[in-house]
Amino acid sequence: MLIIGCSREFVERCREGAAKMGAIVRTSEPTTVEAMAGTCKPLALVLTEASYQSASATYDGLAERVQSKLVTVAGEDIARDALEALVVDAVAHVRRMRSSIPPR
């Protein structure tokens with residue numbers, strides 16, 4: 001998972017949900033997200049709705065190119081259980097999707 005432009009505290013909360021799925025969490029600032037996502041091919045791109053709105057076409061295209069699920073949250077103050085559910089769902093969804101794509 002790639003957490004984009006969020007606080008250290010929010011990243012740690014995401015890490016808790018990701019750990020339940022055995023997913024690795026990395027962070028990026030919006031200015032370096034293209035390079036980071038291209039390198040690590042994250043299962044999910046996680047960012048706030050405000051960040052997403054500032055460059056929605058860029059994030060949509062990036063998620064498609066690296067076969068990631070785009071996860072937006074209203075704010076970093078999202079309830080722990082709700083965040084965990086989003087993270088678990090995203091990781092499971094992308095793993096299923098990637099496992100159904102035939103190798104090139």
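Residues numbered from 1 in each chain as written. Predicted model: local features only at pLDDT ≥ 70, side-chain atom pairs only at ≥ 80, totals over all residues. Heavy atoms only, no water.

Turning to the side chain of Ser28, a few remarks are in order. By the element assignment, Ser28 lies in strand β2 (residues 26–28). In this structure Ser28 comes out as buried when scored by relative accessible area, which is 6%. Ignoring any residue separated from it by four or fewer positions in sequence, one finds Ser28 in contact with Leu2, Ile3, Ile4, Gly5, Val33 and Met36. (Helix = DSSP H or I, 4+ residues; strand = E, 2+ residues; numbered from the N terminus. Buried < 20%, exposed > 50% of the residue type's maximum accessible area, 1.4 Å probe, protein only. Contact = heavy atoms within 4.5 Å.)

Summed over the entire model, instances satisfying the criterion amount to four salt bridges. Between Arg15 and Glu12 there is a salt bridge, and its shortest N-O distance comes to 3.2 Å. With Arg15 and Glu12 both in helix α1 (residues 8–20), this residue pair falls three residues apart, about one helical turn. Taking relative accessible area as the criterion, Glu12 reaches 38% and is therefore assigned partly exposed. (Salt bridge = Lys/Arg side-chain N within 4 Å of Asp/Glu carboxyl O.)

Further remarks concern unusual backbone geometry. We note that Lys41 has phi near 45°; this positive angle belongs to a residue other than glycine. Within the element layout of this structure, Lys41 appears in the loop between α2 (33–40) and β3 (44–48). Located in the positive-phi region is Gln67, a residue other than glycine, with phi close to 55°. Note on placement: Gln67 falls in the loop between α4 (56–65) and β4 (69–73). For Gln67, a relative accessible area of 30% corresponds to the partly exposed category.

A few words on the sheet that holds strand β1 (residues 2–4). Taking strand neighbours across the sheet as the criterion, the four strands line up as β2-β1-β3-β4 in an open arrangement whose pairing is parallel. If you trace the sheet from one side to the other, it starts and ends with β2 and β4, each paired once. With strand direction ignored, the average angle separating the axes of adjacent strands in the sheet is 25°. One ladder, built from two bridges, connects β1 with β3; its direction is parallel. (Pairing = 2+ DSSP bridges. Axes fitted to C-alpha atoms, helices over the stretch in contact; angles between N-to-C directions.)

A covalent bond between the sulfur atoms of two cysteines is referred to as a disulfide. Applying the stated criterion across every chain, the model contains zero disulfides. Cys6 carries a free sulfur, and the closest cysteine sulfur to it, the one in Cys14, is 6.8 Å from it. (Disulfide = S-S within 2.5 Å.)

Where α2 meets α4, the closest approach of the two axes is 10 Å, and the angle between their N-to-C directions is 15°. It follows from the interaxial angle that α2 and α4 lie roughly parallel. Where α2 crosses over α4, the handedness of that crossing is right-handed. Contacts from Val33, Glu34 and Ala37 in α2 reach Thr58, Tyr59, Leu62 and Arg65 in α4. In terms of residue class, the contact of α2 with α4 is built from four nonpolar, one polar and two charged. (Parallel < 35°, antiparallel > 145°, perpendicular 65-115°, else oblique. Left-handed = near helix turned anticlockwise from the far one by under 90°. Nonpolar A, V, L, I, M, F, W, Y, C, P; charged D, E, K, R; others polar.)

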